[in-house]
Amino acid sequence: RALVARRQRVGWFEPSYSLYPVLAEMEEVRGAPTELGPHGEWKEPDLDGVALFFLTNPNAPTGLRFDEPLVRQLCERCQGFVAIDEAYVDFASKDLMHLTREYEHVLVFRTLSKSFSLAGLRLGYVVASPPVIEALAKLKDSYNVDRIAQCLALAALSDVDWMRRNVERIQATRERVRAALLDLGYEVWPSETNFLWIRPPSRPAVEVLRELRQRRILVRHFPGPRTGDYLRVTIGTDEEMDAFLAALRDLGG
């Protein structure tokens, strides 16, 4: 609403965060999606007339991180704004926050939902140049973050060491589960997030999804030609992941 006029184009990669096309339709702007490669690899987007390009990095639902030279090239080519969604970046090997100091048209989004394990708080923030922040501030609600949320966010951000220990625990569990899934014959993409993108070896993903739900184990499935063969598995506690792996062994793949 702040950066794109109606009837202008908004770009994003596919597959990526599923809310981008929904937001574009709500605001009556034209979507300009770019299909990633077969294994989620970077493809140069069509930026002709794009007023805003959303880039989730690391990407969701694939878990892959795009290298900085590729993102820099995008920022330099794009005549509109580039919004880098770093919701999962604390689990990654590198972030791109410094680009906001180099490019006035680049925004970086962060959230407390993932690495701080505060999904129920529904709180995040954006870093960008002063003129961009001023434009966003004109549109935000007067009381968009309540007092309790502000106090909880301040407490969380005042204990970054706890967040880093939390991230290390999740990363360790992620790699243990990834190795176990590979042993079971699953295709597992490399991940720099708190989830794994996996394909069952012999059964349809939607069938495995259904069987897991019957065991009260919830994973995500995204219907569609690019995503329908896969499941996205968020890393929980070690006990939860052991139950998940035991269920897969019972299912037989």
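Use the structure listed above.
Let us look at the structure shown here. Everything numeric in this text was worked out from a predicted model, so none of it was measured. (Residues numbered from 1 in each chain as written. Predicted model: local features only at pLDDT ≥ 70, side-chain atom pairs only at ≥ 80, totals over all residues. Heavy atoms only, no water.)

1. What about the nonpolar core?
Across soluble globular proteins, nonpolar side chains have a tendency to be buried as a group. Ranked by size, the top nonpolar core spans 33 residues in total, and within it L181, I198, L212, F244 and L248 carry the most contacts. Those elements that provide at least two residues to this core are α5 (147-157), α6 (160-183), β8 (195-199), α7 (205-214), β9 (231-234) and α8 (238-251). Other than its neighbours up to four places away in sequence, I198 contacts L181, Y186, E187, V188, D229, Y230, L231, V233 and F244. In terms of nonpolar packing, the next biggest core, distinct from the first, is built from 21 residues, L36, F66, C75 and L99 among them. (Core = buried A, V, L, I, M, F, W, Y, C linked by side-chain atoms within 4.5 Å. Buried < 20%, exposed > 50% of the residue type's maximum accessible area, 1.4 Å probe, protein only. Helix = DSSP H or I, 4+ residues; strand = E, 2+ residues; numbered from the N terminus. Contact = heavy atoms within 4.5 Å.)

2. What to know about the sheet that holds β9
On the basis of which strands lie adjacent, the open sheet formed by three strands has the order β7-β8-β9 and antiparallel pairing. Lying at the two open borders of the sheet, with one neighbouring strand each, are β7 (187-188) and β9. One ladder, built from four bridges, connects β8 with β9; its direction is antiparallel. Bridged to L196 within β9 is V233. Running at roughly 10 degrees to β8, α6 makes contact with β7 and β8 of the sheet. (Pairing = 2+ DSSP bridges. Axes fitted to C-alpha atoms, helices over the stretch in contact; angles between N-to-C directions.)

3. With respect to the sheet that holds strand β4 (residues 81-85)
Read across the open sheet, the six strands follow the order β2-β1-β3-β4-β5-β6; overall the sheet is mixed. This sheet does not close on itself; its edge strands, each paired only once, are β2 (30-35) and β6 (124-127). Pairs of neighbouring strands in the sheet enclose a mean axial angle of 20 degrees, with direction left out of account. Lying on the sheet, helix α1 (residues 19-26) is in contact with β1 (9-14), β3 (50-56) and β4; it crosses β1 at an angle near 165 degrees.

4. Side note on helix α2 (residues 68-77)
Those residues of α2 not exposed but buried are E68, V71, L74 and C75. Looking down the long axis of α2, one finds its buried residues gathered within 120 degrees of arc, a one-sided arrangement. Away from its buried face, by an angle of more than 90 degrees, α2 presents the exposed residues P69 and E76. Buried residues in α2 make contact with β3, β4, α3 (99-102) and β5 (106-111). (Arc of directions from axis to C-beta.)

5. Describing the pattern of salt bridges
Taken as a whole and assessed by the stated rule, the structure comprises 19 salt bridges. In this structure, R65 and E192 form a salt bridge, with 3.3 Å as the shortest nitrogen-oxygen distance. With R65 in the loop between β3 and α2 and E192 in the loop between β7 and β8, the pair connects residues that are 127 residues apart, well separated along the chain. The residue E86 makes a salt bridge to R110 at a minimum N-O spacing of 2.8 Å. Residue E86 is found in the loop between β4 and α3, and its partner R110 is found in strand β5; the two are separated by 24 residues along the sequence. (Salt bridge = Lys/Arg side-chain N within 4 Å of Asp/Glu carboxyl O.)

6. Re the packing of aromatic side chains
In this structure the tally under the stated criterion is 10 aromatic pairs. Considering the side-chain rings of Y88 and F195, the 5.1 Å spacing of their centres and the 85 degrees angle between planes classify their relative orientation as edge-to-face. Here Y88, found in the loop between β4 and α3, pairs with F195, found in strand β8; they are 107 residues apart in sequence, far enough to count as distant. Taken as a pair, Y88 and F195 share a single burial class, namely buried. Considering the side-chain rings of W189 and Y230, the 5.6 Å spacing of their centres and the 75 degrees angle between planes classify their relative orientation as edge-to-face. One end of the pair, W189, is in the loop between β7 and β8; the other, Y230, is in the loop between α7 and β9, with 41 residues separating them in the sequence. Residues W189 and Y230 agree in their burial class; the two are buried. Here the aromatic residues F13, W42, F53 and F66 are joined through ring pairs into a cluster of three or more. Sitting over the ring of F195, R232 keeps its end group 4.9 Å from the ring centre. (Phe/Tyr/Trp six-rings, centres within 6.5 Å; stacked < 30°, edge-to-face > 60°. Lys NZ or Arg CZ within 6 Å of the ring centre and 35° of its normal.)

7. Some words on a nonpolar patch on the surface
Together, Y17, L19, V22, L23 and M26 line one region of the surface with nonpolar side chains, adding up to about 430 Å² of accessible area. Mapped onto the secondary structure, L23 falls in helix α1. (Patch = residues over 30% accessible without salt bridge, like charges linked within 9 Å, V, L, I, M, F, W, Y side chains within 5 Å. Areas by Shrake-Rupley, 256 points an atom, 1.4 Å probe, with all protein chains shown as cover.)

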